[in-house]
Structures are given as C-alpha cells and as structure tokens.
Amino acid sequence: MSAFSLPPFYPVVDSAQWVERLVPTGVKLIQLRMKDKPLAIMQQQAAQALALCQRYAAQLVLNDYWPIAITLKIPFVHLGQEDLQTADIQALKHHNIAIGVSTHDHAELEKALAISPDYVALGPIFPTTSKIMAFGPQGIARITEWKKHVGPLPLVAIGGIACEQAAACLKAGADSVAAISDITQNPSPEERAREWLKATQLVDKPALSLPPQQGLDSRPNPSAESSSAVHASPEQSGSEQSDSGHNDSGHNDSGHGDFGHNDSRQEIRSNPNEPPNSPLSHGAHQKHLTP
Ligand SMILES: Cc1ncc(COP(=O)(O)OP(=O)(O)O)c(N)n1
Ligand SMILES: Cc1ncsc1CCOP(=O)(O)O
Ligand SMILES: [Mg+2]
C-alpha cells in the first residue's frame, strides 16, 4: 500500500469534454467514468482526457477500463468490487498504476484492503441520482468509521454530496470528496467547480497522528505516448443494480470515539449485524438513475 495524499476535490465526469471544461478551473484530480461506450471511443476519450490532464498538471483517474490505463499509461484507475474480480491487479502494480477501490460495507472494505489499494472510496454518503446503488446512504458518521479502519490510506467520500456538504465530509475523515451531479448538473459547472475548490481547500481537519504521506506527484510521471492496442476489455456491468435502500448510517462497530491514531490500520472485523447497509437488509427501494 502506498499512502500518498489526494487533492480534496475529486470531480467525476463522463467525457473528455468535461475534463476540458473543468481542469482549467484548477481541478487537480478528476475521474473519467464512461459507461457502455464502444472500446474505441473509450480509448479515444481516455487519451484526450490524459493529454488535457497532463497539460494542466491534473491527475486523471480512469474508471473501470484498467487495460486502457495500461495501454495509455494512465497512472490511476478506479475499480469497483466487481471490477476487482477481473482486473489484473499485479499487472497494474507492475505498471505503477495507482488503484482506488469502491467500498460499501466491511466485507468490501476487507476485500479492497487485501489488494493494498492507493485509496478507498466509501459511498453513497447521501442519496444519489447518478448511479443505481445496491447500498443505501452511509451518512457522514460512517466516513469517520471508515477512516478509523483505513488509517493513513486516503479515503474518498462519494455519493449525493453537494459543495455545501464537502467540508463536513472532510472534517469527518474523508481525504477527498468526489461528486458528479453537483457539478455537471449545475447551470454553471465551471463556477461550481471553483466553489468546490474553495470550499475544500480551507477545511480545518481534526488532527490525525498519521505518518507523513507521499505526494501524488512523487509518482512517476507517465508519458503521453500511447499505443493503439488495448489489451483486453474489463468486465462492464452494462446494467446497474436496481435495488437500493437505506442503512443505519453512522453505524460503528469499532468502539473508538475518534480516528486519531497512527500508522496501523485497524483490523477489519465483519460485524454480524453488518448488513445494515447490505443489499439484503433494505426494505425501502429508491429509484436511482444513471445520467
Ligand atoms: C471515487 C469513486 N468511488 C466510487 C465509484 C464507483 O465505482 P463502481 O462501484 O465500480 O461503480 P461504477 O462507477 O463503475 O459504476 C467511482 N467510480 N469513483
Ligand atoms: C459513481 C458513484 N459511486 C457511488 S455513488 C456514485 C455517484 C456519485 O454521483 P453524485 O455525486 O451525482 O451523487
Ligand atoms: Mg466500476
């Protein structure tokens, strides 16, 4: 596991055109998350997004399409739990590609930590309209619980987060806050991105007795050179899960009142009651849409 620091604002967008709009505002970390697109388009968009990020000294994270990241030398991928089942983690590590992993419950967190990721994402913090989720809203307190578990490993909060809630997420223990709709559905996305940058830059975070973290820019800078060959296609979900519900967000089985601890991550123990946020435990069903 490497423990570098992440910029506190992490927009997630579905085209290189969005990258082109947002990186000039000062965004330093951005994810390209395109769903159900032909591989050739995906590769072209990823190459374009990478060139833009290199021009503006921003870090591009490619969602799902890890073979394209290897081919294009994109230094960061985001993988969900399903993606983890098919991704060649050793190949990614061999190519020095950082890996972020989605988590929604303790079992998933354990699986994520087992591959020594470069960040862990927790979501959805609030109800989201951007992805059909099998897990209900985690709530802010769950961020603190997750931070206790992951220690110095960067933690990303995602899902239903508006700019006005970003500081609370950071104060609760998130190292970075990711968002889609609050930016892309805003009437002035560039202005909204600037608001996010401002809102996330000046947050007083609780003191964490964690070891110094390695900066993102200490990672070797990838070349913009690209090959036309794509190694393989990662498994794409195609259709997203349709069940969703609510959990008792803030559920905390760790028995610790704060997350100020040092370098050892807390052991992840599956709570027999865990599934407060599991797909099986929700009575309520919400309809979430992918834009
Ligand atoms: C920062 C961040 N967190 C979570 C996700 C979701 O990833 P995943 O669970 O694989 O779902 P898809 O985004 O692939 O639909 C993410 N992309 N980014
Ligand atoms: C991709 C993803 N993973 C968990 S929630 C989510 C969607 C986040 O989008 P929004 O910020 O619009 O709720
Ligand atoms: Mg995925």
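Residues numbered from 1 in each chain as written. Chains lettered and ligands numbered in written order. Predicted model: local features only at pLDDT ≥ 70, side-chain atom pairs only at ≥ 80, totals over all residues. Heavy atoms only, no water.

**Digging into the overall build of the chain**
At step 1: Along the chain, the regular secondary structure elements total 10 helices and 10 strands.
At step 2: Within the chain, contacts between residues at least 6 apart in sequence are counted, and of these 68% link residues at least 24 apart.
At step 3: Total accessible area on the chain is roughly 12,300 Å²; 51% of this is exposed by carbon and sulfur atoms. (Helix = DSSP H or I, 4+ residues; strand = E, 2+ residues; numbered from the N terminus. Contact = heavy atoms within 4.5 Å. Areas by Shrake-Rupley, 256 points an atom, 1.4 Å probe, with all protein chains shown as cover.)

**Description of the site of ligand 1**
At step 1: Near ligand 1 there are 16 residues, and of these Gln31, Arg33, Lys35, Ser102 and Lys131 occur at the shortest range.
At step 2: Glycine 80 is positioned such that a nitrogen or oxygen atom in its backbone is 3.2 Å from an oxygen atom of ligand 1.
At step 3: In the model, an oxygen atom of ligand 1 is placed 2.9 Å from a nitrogen or oxygen of the lysine 131 side chain.
At step 4: For the shell around ligand 1, the secondary-structure elements that each account for two or more residues are β7 (119-122) and β8 (155-158).
At step 5: Of the residues belonging to the shell around ligand 1, the class tally is 5 nonpolar, 5 polar and 6 charged. (Near = heavy atom within 4 Å. Polar contact = N/O pair within 3.5 Å; in protein donor to acceptor, adjacent residues only side chain to side chain. Nonpolar A, V, L, I, M, F, W, Y, C, P; charged D, E, K, R; others polar.)

**Focus: the sheet that holds strand β6 (residues 98-103)**
At step 1: The parallel closed barrel is built from 8 strands, whose spatial order is β2-β3-β4-β5-β6-β7-β8-β9. Shown here is a sheet whose adjacent strand axes are inclined to one another by a mean of 25 degrees, direction ignored.
At step 2: The strands touched by helix α6 (residues 106-114) are β6 and β7; relative to β6, the strand with the most contacts, the crossing angle is about 170 degrees. (Pairing = 2+ DSSP bridges. Axes fitted to C-alpha atoms, helices over the stretch in contact; angles between N-to-C directions.)

**Observations concerning the site of ligand 2**
At step 1: In the vicinity of ligand 2, the residues found are Arg33, Thr128, Ser130, Lys131, Met133, Ile158, Gly159, Gly160, Ala179, Ile180 and Ser181.
At step 2: Here threonine 128 contributes a side-chain N or O atom positioned 2.5 Å from an oxygen atom of ligand 2.
At step 3: Between ligand 2 and isoleucine 180 there is a distance of 2.9 Å, counted from an oxygen atom to a backbone nitrogen or oxygen.
At step 4: When the free accessible area of ligand 2 is taken as 370 Å², the share hidden by the protein chains comes to 93%.
At step 5: By residue class, the composition of the shell around ligand 2 is 4 nonpolar, 5 polar and 2 charged.

**Examining the nonpolar core**
At step 1: Counting 65 residues, the largest nonpolar core has Ile30, Leu62, Leu79, Val120, Ile143 and Trp196 as the members making the most contacts within it.
At step 2: At 6 residues, helix α2 (residues 39-55) tops the list of elements feeding residues into this core.
At step 3: With sequence-adjacent residues up to four places away left out, tryptophan 196 is seen in contact with Phe9, Ile161, Ala162, Cys163, Ala166, Val177, Ala179, Asp182 and Ile183.
At step 4: The next biggest cluster of nonpolar side chains, apart from the first, holds 13 residues, and it includes Ala98, Ala121, Val156 and Ala178. (Core = buried A, V, L, I, M, F, W, Y, C linked by side-chain atoms within 4.5 Å. Buried < 20%, exposed > 50% of the residue type's maximum accessible area, 1.4 Å probe, protein only.)

**As for the packing of aromatic side chains**
At step 1: In the structure shown here, the tally under the stated rule is 3 aromatic pairs.
At step 2: The interplanar angle of 80 degrees and the centroid separation of 5.9 Å between the aromatic rings of tyrosine 10 and tyrosine 119 together place this pair among those described as edge-to-face. With tyrosine 10 in strand β2 (residues 9-13) and tyrosine 119 in strand β7, the pair connects residues that are 109 residues apart, well separated along the chain.
At step 3: With relative accessibility at 1%, the residue tyrosine 10 sits in the buried group.
At step 4: Three or more aromatic residues joined by ring pairs make a cluster, and in this case those are Tyr10, Phe76 and Tyr119. (Phe/Tyr/Trp six-rings, centres within 6.5 Å; stacked < 30°, edge-to-face > 60°.)

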